[in-house]
Amino acid sequence: MREPRAQALEPEALAAEARPARQPRAFTRDEIETVPHEVEARLETLTDGNLPDLPELAPQKAYRRMGWLARTGLAAGGILISLALGLWVDQLLRDLFDRFPALGWIGLAAAALAGIAILALALRELLALRRLRVLDGLRRAASEAIETDNPDRGRAVLSELSGLYHARPDLANARNVLAENTQDLFDGSAIVHHAERVLMSPLDGRARALTANAARRVAVVTAISPRALVDIGFVVYESFRLAGAISRLYGARPGFFGSIGLTRAILSHLAVTGGVALGDSVAQQLVGHGLAARLSARLGEGLVNGLMTVRVGIAAMRVVRPLPFDALKAPTVADFIPELAKVAGVGKKESGV
Amino acid sequence: MPKSPITITDEIGIALGNLADAATSPLTPTLRLGVTGLSRAGKTIFITALVHNLLNGTRLPGFAPLTEGRLIGVRLDEHEDHAVPRFAYEQHLGSLTGPEPAWPESTRRISQLRLTLKYQSRNWIGGLVGPSQMHLDIVDYPGEWLLDLPLLNLSYAQWSREALERAERVKDAEARPFFEAMSAIDATAEATEPAAEALATAFAAYLRESRKDGRALSTLPPGRFLMPGDLEGSPALTFAPLPPLPGHTDRRSLHAMLERRYEAYRRLVVRPFFRDHFARLDRQIVLVDTLRALNVGPDAVADLESAITAVMACFRQGSGNPVSRLLSRRIDRILFAATKADHLHHTSHDRLQAILERMVARAARRSRYHGARTASMAIAAIRATREGTIEDKGEKLPCIVGTPQAGEHLGNITYDGKTEIALFPGDLPGDPESVFQEGSVPVPLHFLRFNPPGGLSRSGDGAVVLPHIRLDRALDFLIGDWLK
């Protein structure tokens, strides 16, 4: 049995948190001028890239990692294949030199060129993958800036954004407006919301237009295609193209592997939101199987496929947009139904003839 | 349940007024914005900055309708109530942006202003009918008068008890002449005008005196004693509190006369003021000069808190719907704003907001109970300072840079109103509770008053750009959702 006991804490231990409050004091003009005032200080932070320290962000598990067994297998296999390729190239060049020295030199040059090209390609793919990660991280940093309302975090997000878009002529005006106005903002959420309204809304509009166009094309092709296989192929092709176009629009420029990762992210996003967008599916049912199907079965199918493309476009926007939808409303399938209804209107006229 | 502060006739009048509003302009709704604040809280500055920024569309990045490009334009309009003077916006702006920038003088009378906002609605009905319009009505008035609102629910005996209790605390200081005057008269004797006048004068002098050093800056009704407006010298302003006389019923006594006059004051001054300007508000911003109270000490902070709570209890808050709005208006959004946030470095705004939230906690809880949405933020309608850092004895201090007003002093230096200084006003306490606690270690804080900003930039169309802190967010909270 232990006795009850109490121990007095050192008063310093209690007051460890409380820094002694600093005295108010004033300084004359001469002293001021030695000090860069706030705006200049901020410009320095933006130009030098010495950003306030952000807490280490936990890497998001966007791409599922393989188990160690599979990784070992793949790595070993990769090494074997590389070795075989090397051996083959080596043997080929030797044979060429044996046969005819000039041919050997040409072969060597071709091999070197191929090597350089492959290296460059790999580098580009790596950069593209990194950009996708940056977008992911940016989106998370923006959400955090909104939640914590910390102006420094907001500014950090902003300077990353302007780094991402600094070479885009179409956003020059938006960048100027943003740079001018954020001087007067003191809250993380206000800064990020303003960036979203100014910088994202023109991009959002264009992404919507891309999505609507792709959906219309899919609807028309499905409605007039002679074979089911043709329109499935077209839907897949159009979806890939749309996802690529939207990610280039938001500054992602994914390469080959990036596209695969992007497709996975979009598919998983679709799987997750599939249950959520129940209201949208009801609309889809109505439009696809109700109204339009009465007019023509093929047209109904076309609209369903179009709406599917719309959902791919929306998922792509959500996956690659560097800021979360917070100040602006996220697009929904319902927003695009009027666009598709235009196709249906055209179809009605045609079928009436 | 407290009884309604106004009569049933007034209620019917208000309901008819609301109906008339709805009938005359069904497509152009009127939003009445109540700018509430005690004297020197910055009501006039806030209204001037709001009107100027809206009219010129300058620098309001956080105001969504403007940033989204849906606000087509704003213009000053004629107010439908022709009896009340117009808010002298141009004059106030002139004094702020003139060659010698000066803050507007304290408000001495009531005035109002109507803005018409033209905007493109975002919903599909709005898209069909083209640009929509709304009116924004704003009233400016002396903050002292706001203190009268709690009187609507107090009888003469109750008010006398409260007022005498407060005076008792400073019996040996400012209130001494008043107590002397009171002991010199006989409240049961027959009333004479000179006796009443002498007592009222002594009482008014006491109120003015106790306001001077800023200690008791709020709980000093009746407000017209401090800022009489056009009622100076009228019988309704000639009264003073007296100790109760139980069992005394002589209608000709001085006590009875003062009681009649108090009732007349409530009926003729307070009730119309409330009915005409506060009973039909839709939105409210409560401006609180937290820094001035912090400058003075825990007494002033507690005093300010009780004044805000008492005043806010008089307003009609709650959520409404379009049908009930036809008859009765309720305030469904209230913004508590700590003004003069430019007297602090932005890293201290969080703490200022925490102190404000603690200060208005009771008022905000009551409002939320009735169904209103509340928010709080630290704002500066016009930003008089810049920010900077200064190194002092190896310590990096976040400072504000500006020109203090003539006569302001820190330590043993008195400023002449021309020198620009960098000021470190002290750390706000991280625990908001500590500013209320009497006798705790005094927080070393000193806020100076600054001159209005000079050398302002101009926008593309030549309008002066008034710098501000969070005015845009305040505006977005207050009227943004009406412009959807």
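Presented here is an overview of the structure given in this document. (Residues numbered from 1 in each chain as written. Chains lettered and ligands numbered in written order. Predicted model: local features only at pLDDT ≥ 70, side-chain atom pairs only at ≥ 80, totals over all residues.)

1. Some thoughts on the overall build of chain B
Check the secondary structure of chain B and you find 15 helices and twelve strands. Taken over C-alpha atoms, the radius of gyration comes to 24 Å for chain B, in line with the 23 Å a tight globule of 484 residues would show. The dimensions of chain B, computed from C-alpha atoms along their principal axes, are 70 × 65 × 40 Å. Classification of the 484 residues of chain B by burial places 44% in the buried group. Taking contacts inside chain B between residues at least 6 apart in sequence as the whole, the part at least 24 apart equals 77%. (Helix = DSSP H or I, 4+ residues; strand = E, 2+ residues; numbered from the N terminus. Rg over C-alpha atoms; globule rule 2.2 N^0.38 Å. Buried ≥ 20, exposed ≤ 12 C-beta atoms within 10 Å, placed from the backbone. Contact = placed C-beta atoms within 7 Å.)

2. Some points on the overall build of chain A
Helix and strand counts for chain A come out as 13 helices and one strand. In chain A, the succession of α and β elements from N to C terminus is α-β-α-α-α-α-α-α-α-α-α-α-α-α. Split into buried and exposed, the 353 residues of chain A put 30% on the buried side. In chain A, the proportion of contacts linking residues at least 24 apart, taken out of those at least 6 apart, comes to 75%.

3. Notes on the sheet that holds strand β5 (residues 283–288) of chain B
Two strands in a sheet stick together by hydrogen bonds in their backbones, pointing the same way (parallel) or opposite ways (antiparallel). Residues and elements named next belong to chain B. Strand order in this open sheet of seven strands is β2-β3-β4-β1-β5-β6-β7, and the pairing throughout is mixed. Looking at the sheet topology across the chains shown, the edges are occupied by β2 (71–77) and β7 (373–378). Between one strand axis and the next, the sheet turns through 20° on average, direction left out of account. Taken together, the nine bridges between strand β3 (residues 111–119) and strand β4 (residues 132–140) define a ladder with antiparallel strand orientation. Opposite Lys118, over in β4, you have Gln133 as the bridge partner. (Pairing = 2+ DSSP bridges. Axes fitted to C-alpha atoms, helices over the stretch in contact; angles between N-to-C directions.)

4. Things to note about the packing of helix α6 (residues 151–164) of chain A against helix α8 (residues 188–224) of chain A
All names here are of chain A. α8 packs onto α6 with a crossing angle of 25° between their chain directions and a minimal axis gap of 7 Å. As summarised for this structure, α6 and α8 are arranged roughly parallel, according to the angle between their axes. Within the contact between the two elements, α6 uses Pro151, Arg153, Gly154, Arg155, Val157, Leu158 and Leu161 and α8 uses Gly188, Ile191, Val192, Ala195 and Leu199. Partitioned by chemical class, the residues of the contact of α6 with α8 number eight nonpolar, two polar and two charged. (Parallel < 35°, antiparallel > 145°, perpendicular 65-115°, else oblique. Nonpolar A, V, L, I, M, F, W, Y, C, P; charged D, E, K, R; others polar.)

5. Observations regarding the environment of Phe325 of chain A
Structurally, the position occupied by Phe325 of chain A is in the loop between α12 (297–320) and α13 (333–352). Phe325 of chain A gets classed as partly exposed once you count the C-beta atoms within 10 Å, which come to 14.

6. Quick look at helix α15 (residues 471–479) of chain B
The buried fraction of α15 of chain B amounts to nine of the nine residues, a majority that puts the element mostly inside the structure. Residues of α15 of chain B that are buried: Leu471, Asp472, Arg473, Ala474, Leu475, Asp476, Phe477, Leu478 and Ile479 of chain B.

7. Points about the sheet that holds strand β12 (residues 421–424) of chain B
In space, the four strands of this open sheet follow the order β1(A)-β12(B)-β9(B)-β8(B), with antiparallel pairing throughout. Because the sheet does not close on itself, it has two edges, and the strands there are β1 (25–27) of chain A together with β8 (386–392) of chain B. In this sheet, neighbouring strand axes are inclined to one another by 35° on average, regardless of whether the strands run parallel or antiparallel. Here strand β9 (residues 395–402) of chain B runs beside β12 of chain B; their pairing, made up of three bridges, is antiparallel. By the bridge assignment, Ile400 of chain B is partnered in β12 of chain B with Leu423 of chain B.

8. Observations concerning the interface of chain B and chain A
Tallying the contact residues gives 35 residues for chain B and 24 residues for chain A. Residue assignment for the side of chain B that touches chain A shows that the elements contributing at least two residues are α3 (64–67), β8 and β12 of chain B. For the side of chain B that touches chain A, the per-class residue count stands at 16 nonpolar, ten polar and nine charged. As judged from the three bridges shared by β1 of chain A and β12 of chain B, these two strands associate in the antiparallel manner. Bridge pairing in β12 of chain B places Phe27 of chain A opposite Ala422 of chain B.

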